[in-house]
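# Fold and contact review
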2 protein chains.
Amino acid sequence: MMKIAVDATGGDHYPQNPVEGAVLAVKDNDQLAVVLTGPEQEISKELSKHDYPKGRIILQDAPEIIGMDESPAQAVRNKPHSSIVVGLGMHQKGMVDGFVSAGNTGALMAASAFILGRLDGVIRPTIATYFPTVKGMGLMIDAGANLEVKPEMLFQFGVMGNIYARDIMGFETPRVGLLNVGEEKEKGSETLKKAYVLLQALPNFVGNIEGRDILAGQADVFVCDGTTGNILLKFGESIPDALKMLLMGAIKKRQLEKEQVALIISLLEEAFAPFDYQRVGGVPFLGVNGISMVGHGGSSPVAIKNMILNAVKMAESDINKKIIASVA
Amino acid sequence: MMKIAVDATGGDHYPQNPVEGAVLAVKDNDQLAVVLTGPEQEISKELSKHDYPKGRIILQDAPEIIGMDESPAQAVRNKPHSSIVVGLGMHQKGMVDGFVSAGNTGALMAASAFILGRLDGVIRPTIATYFPTVKGMGLMIDAGANLEVKPEMLFQFGVMGNIYARDIMGFETPRVGLLNVGEEKEKGSETLKKAYVLLQALPNFVGNIEGRDILAGQADVFVCDGTTGNILLKFGESIPDALKMLLMGAIKKRQLEKEQVALIISLLEEAFAPFDYQRVGGVPFLGVNGISMVGHGGSSPVAIKNMILNAVKMAESDINKKIIASVA
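Residues numbered from 1 in each chain as written. Chains lettered and ligands numbered in written order. Predicted model: local features only at pLDDT ≥ 70, side-chain atom pairs only at ≥ 80, totals over all residues.

## Comments concerning the interface of chain A and chain B
- With 38 residues of chain A at the contact, the number on the chain B side is 38 residues.
- Of all the elements in the fold, those that place two or more residues in the side of chain A that touches chain B are helix H8 (226–252) and helix H9 (258–272) of chain A.
- With 18 residues, the top contributor of residues to the side of chain A that touches chain B is H8 of chain A.
- Tallied by class, residues from the side of chain A that touches chain B come to 23 nonpolar, nine polar and six charged. (Contact = placed C-beta atoms within 7 Å. Helix = DSSP H or I, 4+ residues; strand = E, 2+ residues; numbered from the N terminus. Nonpolar A, V, L, I, M, F, W, Y, C, P; charged D, E, K, R; others polar.)

## Some thoughts on the relation of the copies chain A and chain B
- Once chain A is rotated about the relating axis by 180° and shifted along it by 0.0 Å, it coincides with chain B to within an RMSD of 0.1 Å. These values place the two chain copies in the arrangement generated by a two-fold rotation axis. When C-alpha positions in chain A are compared against the rotation axis, the closest is assigned to threonine 228 of chain A, at 3.0 Å.
- Take the interface residues of chain A: 100% of them recur as interface residues in chain B, which is what a same-surface contact looks like. (Least-squares fit on C-alpha atoms with pLDDT ≥ 70 in both.)

## Describing the pairing of strand E7 (residues 176–179) of chain B
Residues and elements named next belong to chain B.
- The side-chain alternation of E7 yields two buried faces, one formed by Val176 and Leu178 and the other by Gly177 and Leu179.
- As paired strands, E7 and strand E8 (residues 205–209) are joined by four bridges and run parallel to one another. By the bridge assignment, valine 176 is partnered in E8 with phenylalanine 205.
- This β-α-β element, E7 to helix H7 (residues 190–199) to E8, shows right-handed connectivity.
- Judged from the three bridges that link them, E7 and strand E9 (residues 221–223) form a sheet pairing that is parallel. Each bridged residue has a counterpart across the sheet, and for glycine 177 the counterpart in E9 is phenylalanine 222. (Buried ≥ 20, exposed ≤ 12 C-beta atoms within 10 Å, placed from the backbone. Pairing = 2+ DSSP bridges. Right-handed = clockwise from strand over helix to strand, strands pointing away.)

## A short note on helix H10 (residues 301–316) of chain B
All names here are of chain B.
- The first and last C-alpha atoms of H10 sit 23 Å apart over 16 residues, in line with the 22 Å expected at 1.5 Å per residue.
- Along H10, the residues classified as buried are Ala303, Ile304, Lys305, Asn306, Met307, Ile308, Leu309, Asn310, Ala311, Val312 and Met314.
- Directly beyond the C-terminal end of H10, a positive phi value near 55° is found at aspartate 318. (Expected span 1.5 Å × (residues − 1).)

## Some points on the domain arrangement of chain A
All names here are of chain A.
- In terms of domain boundaries, chain A breaks down into domain 1 (1–122 + 287–320) and domain 2 (126–276).
- The distance between the C-alpha centroids of domain 1 and domain 2 comes to 27 Å.
- Take the side of domain 1 that touches domain 2: its biggest share by element is three residues, from helix H10 (residues 301–316).
- Here the side of domain 1 that touches domain 2 is built from residues that sort into four nonpolar, three polar and one charged. (Domains from an automatic or database assignment.)

## Considerations on the sheet that holds strand E5 (residues 126–133) of chain A
All names here are of chain A.
- Read from one edge to the other, the open sheet built from eleven strands follows the order E3-E2-E1-E4-E11-E10-E5-E6-E9-E7-E8, with strand pairing classed as mixed. Looking at the sheet topology across the chains shown, the edges are occupied by strand E3 (57–61) and strand E8 (205–209). Strand-to-strand, the axes of this sheet are offset by a mean angle of 25°, without reference to chain direction.
- Looking at chain direction, E5 and strand E10 (residues 283–286) are connected through two bridges and run antiparallel. Across the sheet, residue threonine 126 finds its bridge partner in E10, namely leucine 286.
- Taken strand by strand, helix H4 (residues 83–92) contacts strand E1 (2–7), strand E2 (32–38), E3, strand E4 (98–101) and strand E11 (292–294), and its axis lies near 165° from that of E1. (Axes fitted to C-alpha atoms, helices over the stretch in contact; angles between N-to-C directions.)

Next comes the structure, spelled out in structure tokens:
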């Protein structure tokens, strides 16, 4: 039986979505139990609305709540009874096999690194993120944990992203690329040039990837520093709204029938579906000594279910042993 | 009479587009003369296809051509008779009021800095680029000239971008923002935090701008290092093709009438027009002791005409005196 702790107070729609996500997850996987961490009464009340296999959803009281705007380090230090600190503490003690949350990413990163510690040989834990391309979902790493990097860190991001993409995302041989200003080996800052040389040790390193090659899916794993990754991630998230605005502007200039507008809107929704971050099942902190994932604040119950099942996958695939072996 | 030198061998469609662009420009502005630099015979032949006010388009022989893939520094050193080196040399000697090209950006940046030199007080010349938003055209600075930056450089990019946006792009009071991973003053790398403090000296500094705020047009001038700017610029350029692919995928899944597909495509073209970099009239190198602009390799004749007229505007507005005064 696999056990995953779930932050019942994480995200914009708690406790509803984490609780429903947990219910969906245990129904989907009968070898799974979930521990919901958060204010016991509130969660218990929410849970009572659902029908679920008793005994496979357990409550762990954690009355303190970390807000989305709190300073990560302080929140972790000052709120030992928060759902995040309690859940990660249980994982650190070996009581559960992983922890997931749709809460404050900064607090989760800080708490994961602080409570779980680093894996042997890993310079800095990192956060990866899914990034949609025309060829399907790619992985961008780092997405904002390490704003300034050294070449060795970029190398390790490539190594960790490679393992995650292969074992969890299902790429047989992920193409690992380094985000840069040009394709040629000698392009870019000194840091990027040195990272290029180090990454050549990966047989599936495909070299430098330019900005225009990201959406085109010219790599599966995009290695970058956390500043670039964070800006690109949020830029990508903003594309559907911006283009809907531009298209609606073009539509308004013409006299279109209601049905034509409805058709266009439904085509747009379909085309933009890959960019809907509320459907993505969470992203991992990699390089920490444990399994810890974070989901978008707007995560739907299905997104939370998928995040829980991804955490199970990570635990089952022994991803951390592989990372330790690869960075050694 | 204003005189602008135009690289007749720059871009993907030379000498046709530069020559036609020059013809359009002198027809548009009767106080303008253009010097076309490049292989004389070839340009002369192309020019003879056009009807234009004689005496206001002059040829300057420059038989060497710098390829799009040549190493910038070497090309400038080894090809003194190239159109770029000849044109910038004329500008440096005061024979023309500015130089424009749709050629190799790296070579142009290197040649502009080397031949024209830096403006007093400017730490590093920079390249700015237009960036479309839902509110119209913004300016991103730096777009790839300075891959690693110091806070003082970012401050100067903000100062120079502010002046360009106001005097050339027509913003009354441009909103100058710093690209960062969060809105709050204390967010980001040490470099970005220090740049924030320096940029507060600009009364129209609007603070940090996140990735999601770029397309939404939450600033008019986006200040960043050249690595981030270059990756974002090329990423932005790739959006229309990627989304057309996704939309065509959605369209193919349904049985749509020919007219419906045609309508959607024409709406798309209209919505994506702001992203068409072939229509943008060139972008400036700022901080060099002169007027030097570069256009997209695919620049249309109209784009080249607009670039020439922008160079005239820069020369007329005495932009460099204002930059010297502002960075002092």
